[in-house]
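The residues making up each chain are set out below.
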Amino acid sequence: YDPALKAELESAPLVHASQARNGNGLPVGATSVRVEYLNNREFESVSRHLGIMDNIKANVPRTAYHGVVTVNIRNVQVHVTLPIQQTGL
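Structure report, in brief. These figures come from a predicted structure and were not determined experimentally.

## A closer look at the overall build of the protein
Then step 1. When you go through the protein residue by residue, the secondary structure sums to 3 helices and 5 strands.
Then step 2. Walking the protein from its N terminus toward its C terminus, one meets helices and strands in the order α-α-β-α-β-β-β-β.
Then step 3. By the compact-globule yardstick of 12 Å for 89 residues, the protein fits well, its C-alpha radius of gyration being 12 Å.
Then step 4. With respect to the principal axes defined by its C-alpha atoms, the protein has extents near 35 × 30 × 20 Å.
Then step 5. A burial count over the protein gives 37% of its 89 residues as buried.
Then step 6. Put simply, 51% of the contacts in the protein that link residues at least 6 apart link residues at least 24 apart.
Then step 7. Carbon and sulfur atoms make up 47% of the accessible area of the protein, which totals about 5300 Å².
Then step 8. Between the averaged position of the 8 positive side-chain charges in the protein and that of its 7 negative side-chain charges there is a distance of 7 Å.

Encoded structure:
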């Protein structure tokens, strides 16, 4: 699973949380996108903006796998993630 997830993250265009939420400005035909965060405070901010759970326990976002939380918004897979090199994938 790890190599497939890393490949998915690397191929997903990096967008701002507002673009992922409302769909404006997304690359044409994008089926998945990436929104990055650098720390817990940023994760909470991004997740609130996207309307997803912002709960963190033991310095790990709930439902995260290697710091990646994946949700579907408007039929687009949105990966809320640490920078790829920090995920450990």
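## As for the pairing of strand β4 (residues 68–73)
Then step 1. The sheet contact formed by β4 and strand β5 (residues 76–81) spans 6 bridges and is antiparallel. Residue pairing across strands places valine 71 opposite valine 78, the latter belonging to β5.
Then step 2. Two successive antiparallel strands, β4 and β5, enclose a turn made up of 2 residues, where arginine 74 displays a positive phi of approximately 55 degrees.

## A look at the packing of aromatic side chains
Then step 1. According to the stated counting rule, one finds 2 aromatic pairs in the structure shown.
Then step 2. Seen from their ring centres, tyrosine 1 and tyrosine 65 are 5.4 Å apart, and the 70 degrees between their planes marks the pair as edge-to-face. Of the two residues, tyrosine 1 sits in the segment before α1 (2–11) while tyrosine 65 sits in the loop between β3 (60–61) and β4, which places them 64 residues apart along the sequence.
Then step 3. Under the relative-accessibility criterion, tyrosine 1 is labelled exposed at 67%.
Then step 4. Relative accessible area serves as the criterion here: at 35%, tyrosine 65 is assigned to the partly exposed category.

Analysis parameters
- Residues numbered from 1 in each chain as written.
- Predicted model: local features only at pLDDT ≥ 70, side-chain atom pairs only at ≥ 80, totals over all residues.
- Heavy atoms only, no water.
- Helix = DSSP H or I, 4+ residues; strand = E, 2+ residues; numbered from the N terminus.
- Rg over C-alpha atoms; globule rule 2.2 N^0.38 Å.
- Buried < 20%, exposed > 50% of the residue type's maximum accessible area, 1.4 Å probe, protein only.
- Contact = heavy atoms within 4.5 Å.
- Areas by Shrake-Rupley, 256 points an atom, 1.4 Å probe, with all protein chains shown as cover.
- Lys, Arg positive; Asp, Glu negative; His and termini not counted.
- Charge placed at Lys NZ, Arg CZ, Asp CG, Glu CD.
- Pairing = 2+ DSSP bridges.
- Phe/Tyr/Trp six-rings, centres within 6.5 Å; stacked < 30°, edge-to-face > 60°.

All we've got here are geometric facts, nothing functional implied.
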